Amino acid sequence: MNQMGDVPEDLYQKMFDQQNGKCYYCKMSLKRDYHTEHKTPLCRGGLHDKDNLCLSCPECNLRKNRRTEEEFFALINGENNGEKRTVAVYGQTTFPHSKM
Ligand SMILES: [Zn+2]
């Protein structure tokens with residue numbers, strides 16, 4: 001049941017074990033509906049080859065879309081770092097001096 005080529009069927013089971021049953025990208029536990037993912041998408045010159053394959057959760061696969069592995073990790077990391085929420089400080093007793 002493989003549309004694209006000569007990757008042995010048990011490769012997916014091996015990858016699943018290698019990744020400890022977790023999504024390659026977000027490390028979420030994969031349930032039964034994992035996607036097989038091309039680290040470098042075929043449309044970006046990636047190969048359908050075991051070195052270029054990984055298992056991901058559907059969410060990551062869909063979000064990653066045509067990004068490469070590097071680009072997607074950069075996106076994920078960027079999001080984590082970007083979580084500097086500007087904390088509004090309420091209840092501050094010092095106000096800027098305003099000259100009437
Ligand atoms: Zn994921």
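Here, the structure is the one placed above.
Here's what I pulled together on the structure shown here. This is a predicted model, so every value here is computed, not measured. (Residues numbered from 1 in each chain as written. Predicted model: local features only at pLDDT ≥ 70, side-chain atom pairs only at ≥ 80, totals over all residues.)

**Considering the overall build of the protein chain**
Okay, so step 1: Along its length, the protein chain carries three helices and two strands.
Okay, so step 2: Put simply, the protein chain runs from its N terminus to its C terminus through helices and strands in the order α-β-β-α-α.
Okay, so step 3: Across the 100 residues in the protein chain, those meeting the buried criterion constitute 15%.
Okay, so step 4: Taking the intrachain contacts of the protein chain between residues at least 6 apart in sequence as the baseline, contacts between residues at least 24 apart amount to 56%. (Helix = DSSP H or I, 4+ residues; strand = E, 2+ residues; numbered from the N terminus. Buried ≥ 20, exposed ≤ 12 C-beta atoms within 10 Å, placed from the backbone. Contact = placed C-beta atoms within 7 Å.)

**Quick look at the nonpolar core**
Okay, so step 1: Ranked by size, the top nonpolar core spans nine residues in total: C23, Y24, Y25, Y34, C54, L55, C57, C60 and F72.
Okay, so step 2: With residues near it in sequence (within four places) discarded, Y24 still touches Q19, E37, C54, L55 and S56. (Core = buried A, V, L, I, M, F, W, Y, C linked by C-beta atoms within 7 Å.)

**Here's the deal with the environment of E69**
Okay, so step 1: Inspection of the secondary structure assignment puts E69 in helix α3 (residues 69-81).
Okay, so step 2: As a C-alpha pair, E69 and E37 span 32 residues in sequence and 9.8 Å in three-dimensional space.
Okay, so step 3: In this structure E69 touches K39 and T40, once residues within four positions along its chain are discounted.

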